[in-house]
Amino acid sequence: DQRIVYESHISISPDTSHGYAMVQYFNNTFIVPYIARNAPTVTKRHARSDGARAQYKGCHHFGYISSYSHDHSATCKINWSWFCSCHGKCFCDPEGGTCKNAAAANEKREEHGQTLASSFDFYAFCKGNLMRPDKSLIEKRGKGIFRRFFYFIPGAGEGAVNYKIQKWGGVEGSNSMHQMR
């Protein structure tokens, strides 16, 4: 009976282009520095995602994984695996649902309810109310979400995703791949 503790890192943005540039930005800006600060002895990072071609299972993401392993070879390598492209395959879907349901319930409350009119309002609500799950790890017998981190990514200007990033050529036969190191 393994005890696995999860931390969720959730980005919220008015930018609706959640393609490979957003994935790379989120990893490079938030996840890589977080691991370096909080787990400097980690030498291999395991990442899982669905196989959506626009975000994770396309030539540009394969190039990113390859360059990441090269750029960080002295510190932390990455092992990325994919599962089928659909909802409900990992914690990211229920975590997104938890945030959206809590925000909807907040807006419906007659007392102290507030309308979350923008993605920044939604981010502020989540950061202010959902950093820790309702049940403690002791109550959950050492399993599940330990804590959540929320990141706001502006749609434009300082801190926004740079879409002028390196493009990569295709990888023949990549559709059948399920893992890349």
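Here, every reference points to the structure presented above.
Here is what the cut-offs are and how they apply
- Residues numbered from 1 in each chain as written.
- Predicted model: local features only at pLDDT ≥ 70, side-chain atom pairs only at ≥ 80, totals over all residues.
- Heavy atoms only, no water.
- Core = buried A, V, L, I, M, F, W, Y, C linked by side-chain atoms within 4.5 Å.
- Buried < 20%, exposed > 50% of the residue type's maximum accessible area, 1.4 Å probe, protein only.
- Helix = DSSP H or I, 4+ residues; strand = E, 2+ residues; numbered from the N terminus.
- Contact = heavy atoms within 4.5 Å.
- Disulfide = S-S within 2.5 Å.
- Salt bridge = Lys/Arg side-chain N within 4 Å of Asp/Glu carboxyl O.
- Phe/Tyr/Trp six-rings, centres within 6.5 Å; stacked < 30°, edge-to-face > 60°.
- Lys NZ or Arg CZ within 6 Å of the ring centre and 35° of its normal.
- Arc of directions from axis to C-beta.
- Polar contact = N/O pair within 3.5 Å; in protein donor to acceptor, adjacent residues only side chain to side chain.

Caption draft 1: Examining the nonpolar core more closely. Within the largest apolar cluster, twelve residues are counted, these being Ala21, Met22, Tyr25, Phe26, Phe30, Ile31, Tyr34, Ile35, Phe149, Tyr151, Ile153 and Val161. Secondary-structure elements contributing two or more residues to this core are α1 (20-38) and β4 (144-152). In terms of residues, this core owes the most to one element, α1, which gives eight residues. Among all residues touching Phe26, those that are not within four sequence positions of it are His9, Ile10, Ser11, Ile31, Tyr151 and Ile153.

Caption draft 2: Highlighting the state of the cysteines. Taken as a whole, this structure holds zero disulfides when the rule is applied. Left without a disulfide partner, Cys99 is nearest to the cysteine sulfur of Cys126, which lies 4.2 Å away.

Caption draft 3: Region of the structure containing the pattern of salt bridges. A full pass over the atoms with the stated rule returns one salt bridge. The partner of Glu7 in a salt bridge is Arg147, with the nearest N and O atoms 2.6 Å apart. Linking Glu7 in strand β1 (residues 5-12) with Arg147 in strand β4, this pair joins segments that are 140 residues apart in sequence.

Caption draft 4: Summary view of the packing of aromatic side chains. As enumerated under the stated definition, the model contains eight aromatic pairs in all. On the basis of an interplanar angle of 85 degrees and a centroid distance of 5.0 Å, the ring pair of Phe120 and Phe152 is categorised as edge-to-face. Here Phe120 is found in helix α4 (residues 119-129), whereas its partner Phe152 is found in strand β4, with 32 residues between them in sequence. Aromatic ring contacts, followed pair by pair, group Tyr25, Phe26, Phe30 and Tyr151 into a single cluster. One residue, Arg132, lies across the ring of Phe146, its end atom 4.7 Å from the ring centre.

Caption draft 5: Structural detail: α4. Among the residues of α4, Ser119, Tyr123, Phe125 and Cys126 are the ones counted as buried. Angular distribution of buried residues about the axis of α4 spans 165 degrees; they occupy a single face of the element.

Caption draft 6: Spatial organisation of the side chain of Arg148. Mapped onto the elements of the fold, Arg148 is located in strand β4. What makes Arg148 buried here is its relative accessible area of 6%. Polar side-chain contacts of Arg148 include one of 3.0 Å to the backbone oxygen of Leu130. Setting aside residues up to four positions removed in sequence, Arg148 forms contacts with Ser8, Ile10, Glu95, Thr98, Leu130, Met131, Arg132 and Pro133.

Caption draft 7: View of the environment of Leu116. Along the chain, Leu116 falls in the loop between α3 (92-108) and α4. Here Leu116 falls in the buried class, since its relative accessible area comes to 14%. Here the alpha-carbon distance between Leu116 and Ala104, two residues twelve residues apart in the chain, equals 8.9 Å. Not counting chain neighbours up to four residues away, the residues in contact with Leu116 comprise Ala103, Asn106, Glu107, Asp121, Phe122 and Phe125.

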